[in-house]
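Coordinate inspection notes
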Amino acid sequence: MNEPGGRAAGLMPGDDLLRLAASWTVGLDTMARAAIAAVTAAGETQLRSMMAEALSGKFADWVFVDFLTSPPRRAVSAREPDPALVAALGETTARCCAVISSAVSRCTPEVRASIDDEWMLGGLPDGRPVTRAIGARSVAVGPILAGDGAFGAITVVRGRVGPRLGFRELGILAQIGRLAGVAAERLRGGPGG
């Protein structure tokens, strides 16, 4: 049965279908770039930076890849990086970030389509909330899983332009977290290596 305007009931309008296809294309491209990073990284530092770069751009405005080693290590990448801000974000730790800590402790990915707490991503060394400094509108965190737990996280942030992060992106991020975990185990000579 057709609805007014000649559209079949239950089908998406053309523009919505095109947006959905574009979103899946970006997601699959991001997965492919993350897989290349996981396979080609020659060390953990390179793995963190390559993963961050693989996800920034069309998939996310800002990306943090945290390994909760001692001391913790973080890679930061952005669609349009500000070198001073990237350096400041590199000095912050995942432990001071509520949403990252939650995802890591529960070994479960999390998405916040809207940010209601400007301190959700922690604070910069100069005292500003990270969310305000980077213009965060939505965030998703995928734990980096290896063995029986999470030893890090990949956090993606979208700003004020473009669609908010949702469950589709969260599913992609969860898979990328698993890829990063296997790669890190390989680099450490663990069970996957």
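Summary of the structure given here. In this text, all values refer to a predicted model and were calculated from it rather than measured experimentally.

Conventions used here
Residues numbered from 1 in each chain as written. Predicted model: local features only at pLDDT ≥ 70, side-chain atom pairs only at ≥ 80, totals over all residues. Heavy atoms only, no water. Salt bridge = Lys/Arg side-chain N within 4 Å of Asp/Glu carboxyl O. Helix = DSSP H or I, 4+ residues; strand = E, 2+ residues; numbered from the N terminus. Buried < 20%, exposed > 50% of the residue type's maximum accessible area, 1.4 Å probe, protein only. Axes fitted to C-alpha atoms, helices over the stretch in contact; angles between N-to-C directions. Parallel < 35°, antiparallel > 145°, perpendicular 65-115°, else oblique. Left-handed = near helix turned anticlockwise from the far one by under 90°. Contact = heavy atoms within 4.5 Å. Pairing = 2+ DSSP bridges. Nonpolar A, V, L, I, M, F, W, Y, C, P; charged D, E, K, R; others polar.

Moving on to the pattern of salt bridges. All chains considered together, the criterion is met by nine salt bridges. A salt bridge links Arg-132 to Glu-118, with the shortest nitrogen-to-oxygen separation between them at 2.9 Å. With Arg-132 in helix 5 (residues 130–134) and Glu-118 in the loop between strand 3 (110–112) and helix 5, the pair connects residues that are 14 residues apart, well separated along the chain. A relative accessible area of 34% means that Glu-118 is categorised as partly exposed. For Asp-126, the salt bridge identified is with Arg-128, shortest N-O distance 2.9 Å. Accessibility expressed as a relative area gives 39% for Arg-128, which makes it partly exposed.

For the rest of this paragraph, the subject is unusual backbone geometry. The omega torsion across Ser-70 and Pro-71 is 0°, close enough to zero to call that bond cis. Along the chain, Pro-71 falls in the loop between strand 1 (62–67) and strand 2 (73–78). Look at Cys-107: it is not a glycine, yet its phi comes out positive at around 55°. When you line up the elements, Cys-107 lands in the loop between helix 4 (98–106) and strand 3.

This paragraph deals with the environment of Ala-153. Considering the arrangement of structural elements, one finds Ala-153 in strand 5 (residues 149–158). Among the residues examined, Ala-153 registers a relative accessible area of 0% and is labelled buried. In this structure the C-alpha to C-alpha distance between Ala-153 and Pro-71, which are 82 residues apart in sequence, comes to 15 Å.

Right, let's get into the packing of helix 2 (residues 44–55) against helix 6 (residues 167–188). When two helices pack together, you describe them by how their axes are tilted relative to each other and by the distance separating the axes. Viewed as axis vectors pointing N to C, helix 2 and helix 6 meet at an angle of 160°, and their least axial separation amounts to 10 Å. If you check the angle between helix 2 and helix 6, you find them roughly antiparallel. Regarding helix 2 and helix 6, the two cross each other, and that crossing is right-handed. Judged by residue contacts, Glu-44, Leu-47, Met-51 and Leu-55 of helix 2 engage Leu-173, Ile-176, Ala-180, Ala-183, Ala-184, Leu-187 and Arg-188 from helix 6.

With antiparallel pairing, the five strands of this open sheet are ordered in space as 2-1-5-4-3. Each edge of the open sheet is held by one strand with a lone partner, namely strand 2 and strand 3. When strand polarity is set aside, the average angle formed by the axes of neighbouring strands in this sheet is 15°. Sheet strands touched by helix 3 (residues 83–91): strand 1 and strand 2. Its angle to strand 2, the strand with the most contacts, is close to 150°. Sheet strands in contact with helix 6 are strand 1, strand 3, strand 4 (138–146) and strand 5, and its direction is about 35° off that of strand 4.

Let us look at the packing of helix 1 (residues 14–40) against helix 6. Here helix 1 crosses helix 6 at 5°, and the two axes come no closer than 9 Å. Relative to helix 6, the element helix 1 lies roughly parallel. Between helix 1 and helix 6, the contacting residues are Leu-20, Ser-23, Trp-24, Gly-27, Thr-30, Met-31, Ala-34, Ala-35, Ala-38 and Val-39 on the first element and Arg-168, Glu-169, Ile-172, Gln-175, Ile-176, Leu-179, Ala-183 and Arg-186 on the second. Among the residues forming the contact of helix 1 with helix 6, the class breakdown is 11 nonpolar, four polar and three charged.

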